[in-house]
Amino acid sequence: MSDEIQVEGEELPHLLLVDDDATFTRVMARAMARRGFRVSTAGSAEEGLIIAQADIPDYAALDLKMDGDSGLVLLPKLLELDPDMRVVILTGYSSIATAVEAIKRGACNYLCKPADADDVLAALLSEHADLDTLVPENPMSVDRLQWEHIQRVLTEHEGNISATARALGMHRRTLQRKLQKRPVRR
């Protein structure tokens with residue numbers, strides 16, 4: 001993939017978008033270029049790291065779940081290149097556990113998809129992530145609590161499905177089926 005969209009001028013802030021959804025990445029790259037960024041894109045964490053090593057970005061927006069390494073694995077590697085880099089984690093599978101983990105690993109913010117360019121820009125430029133907004137005012141349903149618990153245990157086991165299934169006392173295939181479903185809203 002590794003496209004680069006640039007508006008006239010060399011001194012534009014560099015944004016790295018890493019997401020395995022090519023359509024989302026293409027649309028977001030165009031929108032962020034219109035907002036004054038020099039944008040590089042990658043379809044995997046591995047490709048994103050190669051691009052970042054060649055041209056260290058000022059900002060990055062990383063998808064949480066991708067084939068291969070996740071955005072949470074790429075995040076500390078990017079921050080090793082530049083500790084001042086502003087990184088946002090994007091996900092269609094949001095959970096409090098992954099939001100907290102992203103912030104612990106150095107993300108400046110965490111956004112649930114669908115997110116538009118204005119949401120990403122605001123998240124990249126905001127001073128602090130507001131974890132309180134991730135905790136719902138209304139109590140969660142049992143299904144949502146189960147989803148959150150599974151995500152927390154999965155995070156504790158660094159994404160290892162087999163270890164997570166053992167910790168939860170369930171069959172690995174059952175856990176995989178649960179993880180393939182979208183999270184329950186509340």
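Just so we're clear, the structure is a prediction, and the values are computed from it rather than from any experiment.

Criteria and thresholds
Residues numbered from 1 in each chain as written. Predicted model: local features only at pLDDT ≥ 70, side-chain atom pairs only at ≥ 80, totals over all residues. Heavy atoms only, no water. pLDDT = per-residue confidence, 0-100. Helix = DSSP H or I, 4+ residues; strand = E, 2+ residues; numbered from the N terminus. Contact = heavy atoms within 4.5 Å. UniProt positions renumbered as here; feature names shortened; annotations may be inferred. Buried < 20%, exposed > 50% of the residue type's maximum accessible area, 1.4 Å probe, protein only. Core = buried A, V, L, I, M, F, W, Y, C linked by side-chain atoms within 4.5 Å. Axes fitted to C-alpha atoms, helices over the stretch in contact; angles between N-to-C directions. Parallel < 35°, antiparallel > 145°, perpendicular 65-115°, else oblique. Nonpolar A, V, L, I, M, F, W, Y, C, P; charged D, E, K, R; others polar.

**Student:** Would you mind going over the confidence of the model for the protein with me for this structure?
**Tutor:** In regions of low pLDDT, the predicted coordinates are not meant to be interpreted in detail. Taken as a whole, the protein shows an average pLDDT of 83; of its residues, 84% reach a score of 70 or greater. Averaged over each element, pLDDT in the protein is lowest for strand β1 (residues 4-5) (48) and highest for strand β2 (residues 14-18) (97). Note on residues 132-137: pLDDT is under 50 here. Beyond four places in sequence and across chains, it has six contacts.

**Student:** Is there a simple way to explain the UniProt feature "modified residue: 4-aspartylphosphate" (unreviewed entry) in the protein in this structure?
**Tutor:** Mapped onto this structure's residue numbering, the UniProt feature "modified residue: 4-aspartylphosphate" (unreviewed entry) falls at Asp 63. By secondary structure assignment, the location of Asp 63 is in strand β4 (residues 59-63).

**Student:** Whenever I open this one, the side chain of Asp 63 confuses me. Can you help?
**Tutor:** Residue classification places Asp 63 among the buried residues on the basis of a relative accessible area of 4%. Apart from the residues lying within four places of it in its own chain, the contact partners of Asp 63 are Val 18, Asp 19, Asp 20, Ser 70, Gly 71, Leu 90, Thr 91 and Lys 113.

**Student:** I tried to follow the nonpolar core on my own but got confused; where do I start?
**Tutor:** Judged by nonpolar contacts, the single largest core of 23 residues is most densely connected at Leu 62, Leu 78 and Ile 89. Those elements giving two or more residues to this core turn out to be β2, α2 (45-54), β4, α3 (71-81), β5 (86-91) and α4 (96-104). In terms of residues, this core owes the most to one element, α3, which gives five residues. Beyond its immediate chain neighbours, meaning those up to four positions away, Leu 78 contacts Leu 16, Ala 52, Ala 60, Leu 62 and Met 85. Listed in part, the 22 residues of the second largest apolar core include Tyr 59, Val 88, Leu 111 and Ala 115.

**Student:** For this particular structure, what's the right way to read the packing of α2 against α3?
**Tutor:** Axis angle and axis distance: for two packed helices, these are the angle between their axes and the distance between the axes, and together they describe the pair. Where α2 meets α3, the closest approach of the two axes is 10 Å, and the angle between their N-to-C directions is 5°. Comparing their axes, α3 and α2 come out roughly parallel. Residue-level contacts link Ala 45, Leu 49, Ala 52 and Gln 53 of α2 to Leu 74, Lys 77, Leu 78 and Leu 81 of α3. Class assignment of the residues belonging to the contact of α2 with α3 gives a composition of six nonpolar, one polar and one charged.

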